[in-house]
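Single-letter residue listing:
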Amino acid sequence: MTNNIIIFIHLIAAAIAIGSMVFSIILLLPSTDKVPAQQELEEFSIPYKTVELLAPTVFTCLLILIGTGIYYLLENYTGQMALKPGYYNLFGLKLICVVVAFFLSIYQTFNLRARIANLDLSPENRKIVPKTIQQIKKTTTPVLVTFSLALFFGIWLARF
Ligand code: HEM
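Residues numbered from 1 in each chain as written. Predicted model: local features only at pLDDT ≥ 70, side-chain atom pairs only at ≥ 80, totals over all residues. Heavy atoms only, no water.

## With respect to the overall build of the protein chain
Then comes step 1: Broken down by element type, the protein chain carries four helices and zero strands.
Then comes step 2: Ordered by position from the N terminus, the helices and strands of the protein chain form the series α-α-α-α.
Then comes step 3: Reported as C-alpha extents along the three principal axes, the dimensions of the protein chain are approximately 65 × 30 × 25 Å.
Then comes step 4: Across the 160 residues in the protein chain, those meeting the buried criterion constitute 35%.
Then comes step 5: Pairs at least 24 residues apart make up 80% of the contacts formed inside the protein chain by residues separated by at least 6 positions.
Then comes step 6: Charge-centre separation for the protein chain: the mean point of 12 positive side chains lies 11 Å from the mean point of 8 negative side chains. (Helix = DSSP H or I, 4+ residues; strand = E, 2+ residues; numbered from the N terminus. Buried < 20%, exposed > 50% of the residue type's maximum accessible area, 1.4 Å probe, protein only. Contact = heavy atoms within 4.5 Å. Lys, Arg positive; Asp, Glu negative; His and termini not counted. Charge placed at Lys NZ, Arg CZ, Asp CG, Glu CD.)

Spelled out as C-alpha cells, the structure:
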C-alpha cells in the first residue's frame, strides 16, 4: 500500500511538471505571442504571469519527485538487492537527467525569475522582462526534454 501511495505522488508530480511545461511553452505562449501588445504593466501580461508560476511549479514537483523517489528506494531497500543486472545502469541514466533538470530549474526559479520579481519595488527591471521571459522559455525546453527522458527511464525501471 505504501508503495502505491509513493508512486502515485511520484507520478502526479511528474504529470503536473510535464503538463505545465507543455501547456505553457508549447500551447499557451506561442498563441499569446500573436495577440497585439497591450498597454498594460509588464507584471499583468500573460507571459509574465505564466513564467512566474511555471518555474516554481516545476521546481516544487522536482523536489517532490526526488523525495518520493528516495523514500521508495528506502522502503524497498531489501527487495532492491535481487534486481536484475542493468537496473542501476538505467537508474544512473535517469538520475543524470534529474540532475540536469534540477540545476536548470534552480537557475530558472532563483536566478531568471528572481530578476523580474517584485517589479513594483524595482521598476527599473521592467525593461529586462521580455528578454528574461525569452530566456525562461528557452531554458524550459531542455528541462522538458530531460524530464521526459527521466519519465521514460522511470517507466522502464518499473518494468525491468
Ligand atoms: C524528473 C524527475 C522524475 C520523473 C519524471 C520520474 C518518473 C518516474 C516514473 C514515470 C516512474 C514509473 C512508475 C511506475 O510505473 O510504477 C518512476 C519510478 C521510480 N522512480 Fe522516478 N522520476 C523522477 C525522479 C526520480 C528520482 C530523483 C528518484 C530517486 C532518487 C526516482 C526514483 C524512482 C524509483 C525508485 C522508481 C521505481 C522503479 C521501480 O519500480 O523499480 N525518480 N519514476
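Picking up where we left off.
## Quick word on the coordination of the iron atom of the ligand
Then comes step 1: Looking at the iron atom of the ligand, one finds its protein donor set to be His10 (NE2) and Lys94 (NZ), positioned 1.7 to 2.0 Å from the metal centre.
Then comes step 2: Bound by six donor atoms, the iron atom of the ligand shows angles of 84 to 178° at the metal and therefore octahedral coordination geometry. Placement of histidine 10 in helix α1 (residues 2-32) and of lysine 94 in helix α3 (residues 87-115) is noted, with a sequence separation of 84 residues between them. Each member of the pair, histidine 10 as well as lysine 94, carries the same accessibility label: buried. (Donors = N, O, S within 2.8 Å, 3.2 Å for Na, K, Ca; no water. Tetrahedral: all angles 85-135°; square planar, octahedral: opposite > 155°, others 65-115°.)

## Details of the environment of glycine 67
Then comes step 1: Considering the arrangement of structural elements, one finds glycine 67 in helix α2 (residues 46-75).
Then comes step 2: For glycine 67, a relative accessible area of 40% translates into the label partly exposed.
Then comes step 3: Separated by 61 residues in the primary sequence, glycine 67 and isoleucine 6 place their C-alpha atoms 9.5 Å from one another.

## Concerning the site of the ligand
Then comes step 1: Residues in close proximity to the ligand total 24 residues, the closest being His10, Tyr72, Tyr87, Lys94 and Gly154.
Then comes step 2: One of the side-chain nitrogen or oxygen atoms of histidine 10 is found 2.8 Å away from a nitrogen atom of the ligand.
Then comes step 3: The side chain of arginine 159 places a nitrogen or oxygen atom 3.5 Å from an oxygen atom of the ligand.
Then comes step 4: For the ligand, the cavity whose grid points lie within 2 Å of the majority of its atoms is the largest pocket.
Then comes step 5: Broken down by secondary-structure element, the contributors of at least two residues to the shell around the ligand are α1, α2, α3 and α4 (129-158).
Then comes step 6: Along the lines of polarity and charge, the residues of the shell around the ligand split into 19 nonpolar, three polar and two charged. (Near = heavy atom within 4 Å. Polar contact = N/O pair within 3.5 Å; in protein donor to acceptor, adjacent residues only side chain to side chain. 1 Å grid on protein atoms, 1.4 Å probe; cavity = no way out; pocket = protein on both sides within 12 Å on 5 of 7 lines; lining within 4 Å. Sits in = over half its atoms within 2 Å of the grid points. Nonpolar A, V, L, I, M, F, W, Y, C, P; charged D, E, K, R; others polar.)

## Some details on a nonpolar patch on the surface
Then comes step 1: A grouping of Met1, Ile5, Phe8, Ile9, Ile12, Ile16 and Ile64 is seen on the molecular surface, where their side chains present a nonpolar patch of about 680 Å² in accessible area.
Then comes step 2: By the element assignment, isoleucine 5 lies in helix α1. (Patch = residues over 30% accessible without salt bridge, like charges linked within 9 Å, V, L, I, M, F, W, Y side chains within 5 Å. Areas by Shrake-Rupley, 256 points an atom, 1.4 Å probe, with all protein chains shown as cover. Salt bridge = Lys/Arg side-chain N within 4 Å of Asp/Glu carboxyl O.)

## Focus on the nonpolar core
Then comes step 1: Core analysis: the largest hydrophobic core is formed by 33 residues, its most contacted members being Met21, Val143 and Phe147.
Then comes step 2: Sorting the residues of this core by element identifies α1, α2, α3 and α4 as the ones contributing at least two each.
Then comes step 3: Ranked by residue count, the leading element in this core is α4, at nine residues.
Then comes step 4: Residues in contact with methionine 21, not counting those within four places in the same chain, are Ile26, Leu54, Val58, Thr140, Val143, Leu144 and Phe147. (Core = buried A, V, L, I, M, F, W, Y, C linked by side-chain atoms within 4.5 Å.)

Read these as layout, nothing more, since geometry by itself doesn't imply function.
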